[in-house]
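# Structural features, examined
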Amino acid sequence: MEKDILVLTATLGLRKSLWRTIDSVRRVGGERVRHVVIAPSSLICDLREQYPDTEFVAEPEESKGIYAALNFGFQKYGNEYRYLTYLNDDDFWLDDFKEIIDETTDGSHDIIYGKTRFVNRYGVKIDSQTCSGKFEDFTKLLQCGIILMTQQAAILRTKTFFDNGCFDESYKLCADTKLWALLSRKNVKHKYIGKEVAAYTIDKGHQLSSDHQLQENEHRRILSELALGKRSVSLTSLRFRLSNILTYAKRMLGLKGYRHEPVTNRVTQAMIVLLPWRIRRYVLNKYLLYDLSPTSHIGVSFIYPKFLKMDDGASIGNLNVAINLDAVIMGKNCIINRCNWITGFPTGTDSPHFAHDKHRRSELIMGDESSITKSHHIDCTNTVEMGEFAAIGGYNSQILTHSVDMYECRQDSKPITIGKYSLVATRSIITGGAQLPAYSVLCAGAYLGKKLEQEWMMYGGVPAKPIKEIPKSAKRFSRKQGYIY
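These notes cover the structure that comes with them. (Residues numbered from 1 in each chain as written. Predicted model: local features only at pLDDT ≥ 70, side-chain atom pairs only at ≥ 80, totals over all residues. Heavy atoms only, no water.)

## A word on the sheet that holds strand 24 (residues 398–400)
The test is simple: Note on pairing: DSSP must find at least two bridges between two strands before they are called paired. Numbering of helices and strands starts at the N terminus; helices are DSSP runs of H or I of at least 4 residues and strands are runs of E of at least 2. Here, two residues are considered to be in contact whenever any of their heavy atoms come within 4.5 Å of each other. To define axes, lines are fitted to C-alpha atoms, for helices over the stretch in contact only, and angles between the resulting N-to-C directions are given on a 0 to 180 degree scale.
The sheet built from seven strands is open, its strands ordered 12-15-18-21-24-29-32 with parallel pairing. Because the sheet does not close on itself, it has two edges, and the strands there are strand 12 (302–304) and strand 32 (447–448). Lying on the sheet, helix 11 (residues 266–273) is in contact with strand 12 and strand 15 (321–323); it crosses strand 12 at an angle near 125 degrees.

## Quick notes on the pairing of strand 20 (residues 371–374)
Note: strand 17 (residues 335–338) against strand 20, three bridges, orientation parallel. Paired with Ile336 across the two strands is Ile372, which belongs to strand 20. Summarising the sheet, strand 20 and strand 23 (residues 391–395) pair through three bridges and their orientation is parallel. In the sheet register, Ile372 faces strand 23, and the bridge partner there is Ile392.

## Considering helix 3 (residues 66–77)
Filter applied, for reference: A helix is expected to reach a length of 1.5 Å times the quantity of its residues less one. Note on classification: 1.4 Å probe, protein chains only; a residue is buried when its accessible area is under 20% of the maximum for its type, exposed when over 50%, partly exposed between these limits.
Under the 1.5 Å per step criterion, the end-to-end length of helix 3 is 17 Å for twelve residues, consistent within 8% with the ideal 16 Å. For helix 3, the complete set of buried residues consists of Tyr67, Ala68, Ala69, Leu70, Asn71, Gly73, Phe74 and Tyr77. Those residues of helix 3 hidden inside the fold are in contact with strand 1 (5–10), strand 2 (33–39), strand 3 (55–58), strand 4 (83–86), helix 6 (158–163) and helix 7 (175–184).

## Description of the sheet that holds strand 11 (residues 297–298)
Spatial strand order, 11-14-17-20-23-28-31-33-34: nine strands in an open sheet with mixed pairing. Pairing within the sheet leaves two strands with one partner each, and these edge strands are strand 11 and strand 34 (465–469). Pairing of strand 11 with strand 14 (residues 315–316) involves two bridges; the strand directions are parallel. The residue bridging Ile298 from the neighbouring strand is Ile316, located in strand 14.

## Here we look at the state of the cysteines
Basically, it comes down to this: Working definition: a disulfide is two cysteine sulfur atoms within 2.5 Å of each other.
Under the defined criterion, the tally for this structure stands at zero disulfides. This cysteine, Cys131, is not joined by any disulfide, and Cys144 carries the nearest cysteine sulfur, 16 Å off.

## Some details on the environment of Phe92
Relative to the helices and strands, Phe92 resides in strand 5 (residues 92–93). In sequence terms Phe92 and Thr21 are 71 residues apart; their C-alpha atoms lie 4.7 Å from each other. Once residues within four sequence positions are removed from consideration, Phe92 is found in contact with Arg20, Thr21, Ser24, Leu87, Val119, Ala198 and Ala199.

## Re the nonpolar core
To be explicit about the condition: Side-chain atoms within 4.5 Å link the members of a nonpolar core, which is a set of buried Ala, Val, Leu, Ile, Met, Phe, Trp, Tyr and Cys residues.
In this structure, Leu284, Met330, Leu364 and Leu442 are the most contacted members of the largest nonpolar core, which totals 45 residues. Top element by residues in this core is helix 12 (residues 277–287). It accounts for three residues. Ignoring anything within four residues of it in the chain, the contact list for Leu284 reads Ile272, Trp277, Leu289, Tyr290, Leu292, Ile298 and Tyr304.

In short, the description is geometric, and any link to function would need to be established separately.
Encoded structure:
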């Protein structure tokens, strides 16, 4: 089938969520979509290596900004396609976007759009967009502070885009909103799909689009340029709110999928720990917005990161503590045994600590079948990531991502990576910026403070150095089940 839809993504290459954007376009768009990712020229080689089946192009050097990059891409490639759209590097299509694509087949509509799902950085739904099929009401609703639709869930005829002068590059956030406002005042043919077709990530403190003051200023500018005043209420806005009354009601009731903030009261959390597991899992999923598989399990432990995801078979034993971090992500059959202290320093706070690092994540990420045994201290001020089948074994190891930067006289942090199938043995110490390669062992009592590269190696000592090679016939490094009997 001939490709007739162009999708662009402009990225700085810093977000780990880019894979989800790429995967959704490939999976949902199929053979009809061409996806081009625009990135700084310095990152193109690394991104091509990371995503070998994806098309990358360098952003223009003469102009910067997301809308400059998008105009560049649409002008370079767009005339070859009937329809076009774009996704940010933390947005992604849902399966029902296929209906949007199907509606482009006869080419009779200028714009086709649906509803947007709001998700947190881990892809978990936290809200649903209020929307309407009356596209002609866009500017009237904008006057009342209501955005009728968003670009994640829309697709536009290429000719319509160019006839309206592309995106206004003087805007930082809302050039697409200005375009929709202009189109709504013309006799464009539109089609509305009343389903959630795309997801928009709300990641407080980590995205420019979370700058509500800037958005508000640019909305006022749009109204001024269109010679429209601002109104607080109108019959159009009342009709819009009535048509979305179920969504508003779900938000008020705090139903799952319509809550932005979890329960954070420590006394309440302590009481939840005492509930039987089935009831506790229901409460954790519903009121703390966690994502716990029916086959996961938590013992008598105080596990309250901002977000917790446990895949099938993942388990946390007794007397563990996990607090003050953004997330704990556990893959299939992961194990955290007992008496482990897992903590960090969450992002999105007003504290001056680590404020200089805008890309820090306070997370523990465990690949499938990985494990943490007993009595370890894991500091997740920055990301600690364990590959599949990796293990922190024995007792009393310290994984410390943060320390004082002596040169800058401030707290600083760096991520730690433990490669797949690797083992950290008893009483080891690993500090920020370190990497234990895949298929490796860090011997008991060793200290690791830098990135190591050579796989199939046993490392030991203070500081850790190569001791001897591990034969590739060693069965521990090819096992299919994480737990060893």
